[in-house]
Amino acid sequence: MGRYVARRLLLTIPVLIGASFLIFAMVYALPGDPIRALGGDRPLAPAVVAQLRDEYNLDDPLVVQYAKYVGDLLQGDFGTDFRGREVLDTIEQRLPVTIQLAVVAILFEAVIGIIAGVLAGIRRNGFLDNVVLVSSTIVVSVPILVLAFVAQFVFGLQLGWFPISGIGEGWYSFVLPGLVLAAGSLAYVARLTRTSVAENMRADYVRTAKAKGLPRRTVIVRHTLRNSLIPVVTFIGADIGTLMGGAIVTESVFNLPGIGRAIFDAVRAQEGAVVVGIVTLMVFFFIFFNLVVDVLYAVLDPRIRYD
Amino acid sequence: MTDQQQADLRHDEVEAGTTTGLASPSVDATDARQNSLWSDAWKDLKRNPLFWIGGLLMLVFLAMALLPQVFARGVDPRECSLSNSQQKPSAGHWFGFDQQGCDYLANVVYGARNSLIIGVLAVLVVLLLGVVVGAIAGFYGGLTDSLLSRITDIFYALPLVLGALVVLRTGTLGRGVTAVAIALALFGWMTAMRLVRSQVIAVKSSDYVAAARAMGASNGRILVRHILPNAIAPVLVYTTITIGVLIAAEATLTFLGVGLQRPAISWGLQIEAGQSLLRTAPHLVLFPSIVLTLTVMAFIMMGDALRDALDPRQRA
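Remember, predicted model here, so these are calculated numbers, not experimental data.

What counts, and at which threshold
Numbering of residues begins from 1 in every chain and follows the order in which that chain's sequence is written. In the order they appear in the text, chains get letters beginning with A and ligands get numbers beginning with 1. Per-residue local features of the predicted model are confined to residues with pLDDT of at least 70, and side-chain atom pairs are confined, for both listing and counting, to 80 or more; whole-chain, interface and lining totals are unaffected and use all residues. Water and hydrogen atoms play no part in the side-chain values, which are based on all heavy atoms of the structure. Only runs of H or I of at least four residues qualify as helices and only runs of E of at least two qualify as strands under DSSP, and these elements are numbered from the N terminus. Each residue is assigned to one of three classes by its accessible area relative to the maximum for its type, calculated with a 1.4 Å probe on protein chains only: buried under 20%, partly exposed between the two thresholds, exposed over 50%. Whether two residues are in contact is decided by their heavy atoms, any of which lying within 4.5 Å being enough. Calculation of accessible area relied on Shrake-Rupley with a 1.4 Å probe; when residues are assessed, cover is drawn exclusively from the protein chains displayed. Here's the idea: put two parts together, see how much 1.4 Å probe accessible area each one loses, and the total over both is what we call buried area. Salt bridge, as applied in this entry: a Lys or Arg side-chain nitrogen positioned within 4 Å of an Asp or Glu carboxyl oxygen. In protein, a polar contact requires one atom able to donate a hydrogen and another able to accept it; more generally it is a pair of N or O atoms within 3.5 Å, and residues adjacent in sequence count only if both atoms are side-chain atoms. UniProt positions are given in the numbering used here, feature names are shortened, and annotations may be inferred rather than shown by experiment. Note that patches include only residues with greater than 30% relative accessible area and no salt bridge, and the join distances are 9 Å for like charges and 5 Å for nonpolar side chains (Val, Leu, Ile, Met, Phe, Trp, Tyr). In this tally Asp and Glu are treated as negative and Lys and Arg as positive; neither His nor the chain ends contributes. Interaxial angles span 0 to 180 degrees and are taken between N-to-C directions of axes, which are lines fitted to C-alpha atoms, for helices over the stretch in contact. Here roughly perpendicular refers to angles of 65 to 115 degrees, roughly parallel to angles under 35, roughly antiparallel to angles over 145, and oblique to all remaining angles. By the definition used in this description, the sense in which the near helix is turned from the far one sets the handedness, with an anticlockwise turn below a right angle giving left-handed and a clockwise turn giving right-handed. Gly counts as polar in this scheme, as do all residues outside two lists: the nonpolar Ala, Val, Leu, Ile, Met, Phe, Trp, Tyr, Cys and Pro, and the charged Asp, Glu, Lys and Arg.

Visitor: It is not clear to me how the overall build of chain B should be interpreted in this structure. Could you clarify?
Guide: Scanning chain B from N- to C-terminus turns up 15 helices and zero strands. For chain B, the proportion of its 316 residues judged to be buried stands at 53%. In chain B, 71% of the contacts between residues at least 6 apart in sequence involve partners at least 24 apart. Accessible area for chain B stands at about 13600 Å²; split by element, carbon and sulfur atoms hold 65% of it.

Following this line, the structure appears as structure tokens:
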């Protein structure tokens, strides 16, 4: 296992470098001169422009710029934006919001998704099964964007149950955006659990458990569910990394000051350092959680051995 | 389970369409000849309500994209009168009017064309990239495979909307329909590549490929004539679902302000314009949202139905 993890970590490096370079190169290609834009209506003095360009390595070739950036990054320096603010400060300030959002989303995903999936799976083709199948097909098809507005309109404006903008009410503010962000994965978790439970209900060990007279509840919870949840747990783990992408839209619509919103603002303002810094962080999370999941998989399912 | 399979978990159901290309051995009672995979699939499809609902919706939206005049009841979407601004839906104007006083039904109907064109165009590029890269990686294996797989991993680690957002913001592609489609495809081809790659690896070790090789067929011929046709079923399922996903992504990008620009007519632009009026004129967000959702749903339902029909493992 140790060797496997080490090998995977090594494989992570080219992906991390490749992805951040890709974004770096694209940000580098952004039109317009960010330094000139800084001056606004009054053009900056040529000497100031030259000094700023030098400070941000803007006159070096792309690869050299990138190498300098990575060099700083390895020492924990994410650089500064064009207003002199540390990118790391921005991340430190914004990340907790996104983490809160992700936690709420994962909770919804796990709790509602697994309950719905189990109810559907234990009686395949029953009434609940069909309800879960149809509703998950519908939920999967609704774009996050649309879902966000439906949620805002119904639960925020019409019923007035939840705030629809900002984070003024603590965890409560994250209920609606969390649900919206989780919806697609929630439907997928329900389906995955359903398939997995339905399959295991036919397994020999479940028949044995029934035959020795265990109550139905015990059979389902202790025998079927424990085995059925392996793929579900791993999916949810991998999804933590994926949720970051969805956060861009959710945080924009619900006006949450997280890193999704930060990256969107940074792309618009051509703040290259901020974009690259946050993307590198997101890619790192994505790869990290995928690795955790793979290791988790072997821990949960003793039949799987990596070495 | 490798990281690759793990990352593809979300698409596991799609991949489940794995076939070895062997004709299904089931024999029709009345007709003793063997049924092909496709005729079996058609029999399944005919019984599946998802297929009929999805197909019907697809036809409606296709017609809407081709002949918007008919659906808009002859109203010009750009003929507006400010005196009608934000009027609620009525018998004469089913979807009401937008802020500029344009008939909203006409505007929503005319939005179908851009969405469908982008969805189909993007998926074609996705297929092109996915099939070419995936087939090469799977067929040649070794170093080529490792290299191409790592490149795919790099793209896979970047979320679709984020990648497309940055590319479109650079403006190198422009801001038109083609630009949006290419930007989406550029960050959306990875699953297709992995799908094709795994299919090709699965199929290339089968007996009929060995037979073709023994008869002296070239690599190119084996790839094109023998391997690809047998890897096509799961790709078809994936393609159908992906059109829906890409249409939703287009609306999202346009909503975020980096996709299509006015005066283009697009559901993403309509939702964006309506969002600040959610309190006073909710119909402005509601109607494009409903139509967008139904379009996405059509493709996803059709994909689900195709998967059920083409996946022999799920057959009872």
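Visitor: Would you mind going over the interface of chain A and chain B with me for this structure?
Guide: Taken together, the contacts link 56 residues of chain A with 48 residues of chain B. Summed over both partners, the interface of chain A with chain B comes to about 4400 Å²; 76% of that surface belongs to carbon and sulfur atoms. Seen at the junction of chain A and chain B, the total is one salt bridge. When the shortest N-O distance is used, the salt bridge between R191(A) and D304(B) registers 3.5 Å. Where chain A meets chain B, there are three residue pairs in polar contact (both at pLDDT 80 or more). Mapped onto the side of chain A that touches chain B, the elements with two or more residues apiece are α1 (2-28), α6 (127-141), α7 (144-158), α8 (175-201), α10 (216-253), α11 (259-268) and α12 (272-300) of chain A.

Visitor: Sorry, what's going on with the UniProt feature "transmembrane region" (unreviewed entry) in chain A here?
Guide: All names here are of chain A. Using the residue numbers shown here, the UniProt feature "transmembrane region" (unreviewed entry) corresponds to residues 9-30, 97-119, 131-151, 171-192, 229-254 and 274-300. Helix makes up 100% of residues 97-119 and strand 0%, with an end-to-end C-alpha separation of 33 Å. Across residues 274-300, helical content stands at 100% and strand content at 0%; the span's end C-alpha atoms are separated by 38 Å.

Visitor: What's the story with the UniProt feature "transmembrane region" (unreviewed entry) in chain B in this structure? I'm lost.
Guide: The positions UniProt marks with the feature "transmembrane region" (unreviewed entry) are residues 50-71, 116-142, 154-171, 177-196, 235-260 and 285-306 of chain B. Helix makes up 95% of residues 50-71 of chain B and strand 0%, and the two end C-alpha atoms of the span are 24 Å apart.

Visitor: In this structure, what is going on with a nonpolar patch on the surface? I would like to understand it.
Guide: Residues and elements named next belong to chain A. On the surface, a nonpolar cluster with roughly 1100 Å² of combined accessible area is contributed by I99, V103, L107, V111, I112, I115, L119, F127, L128, V131, W171 and L179. For the nonpolar patch, the secondary-structure elements that each account for two or more residues are α5 (87-122) and α6. If one sorts the elements of the nonpolar patch by residue count, α5 sits on top with seven residues. For L107, the location among the structural elements is in helix α5.

Visitor: Please explain the UniProt feature "domain: ABC transmembrane type-1" (unreviewed entry) in chain B as it appears in this structure.
Guide: With numbering aligned to this structure, UniProt lists the feature "domain: ABC transmembrane type-1" (unreviewed entry) at residues 112-303 of chain B. Helix makes up 80% of residues 112-303 of chain B and strand 0%, with an end-to-end C-alpha separation of 20 Å.

Visitor: Help me understand the side chain of R94(A) in this model?
Guide: Residue and element names in this part refer to chain A. Along the polypeptide, R94 turns up in helix α5. For R94, which is buried and forms no salt bridge, the nearest opposite charge comes from D265, at a distance of 4.4 Å. Within the structure, R94 has its side chain in polar contact with the backbone oxygen of G258 (distance 3.1 Å). Leaving out residues up to four positions away in the same chain, R94 has contacts with P257, G258, I259, R261, A262 and D265.

Visitor: So what exactly am I meant to see when it comes to the packing of helix α14 (residues 267-275) of chain B against helix α15 (residues 283-310) of chain B here?
Guide: Each packed pair of helices is defined by two parameters, the angle between the axes and the distance between the axes. Residue and element names in this part refer to chain B. Close contact between α14 and α15 brings their axes to 8 Å; oriented N to C, the two are set at 150°. As summarised for this structure, α14 and α15 are arranged roughly antiparallel, according to the angle between their axes. Pair α14 / α15 crosses with left-handed handedness. Here W267, Q270, I271, G274 and Q275 of α14 lie close against α15, whose contacting residues are L284, V285, P288, S289, V291, L292 and T295. By residue class, the composition of the contact of α14 with α15 is seven nonpolar, five polar and no charged.

Visitor: Which parts of the structure should I look at to understand the environment of Q86(B)?
Guide: Residue and element names in this part refer to chain B. You can see Q86 is positioned in the loop between α5 (68-71) and α6 (104-140). By relative accessible area, Q86 is classed as partly exposed at 23%. Distance in space between the C-alpha atoms of Q86 and G303 is 37 Å, their sequence separation being 217 residues. Apart from residues lying up to four places away in sequence, Q86 is in contact with F97, D98, Q99, L277, T280, A281, H283 and L284.

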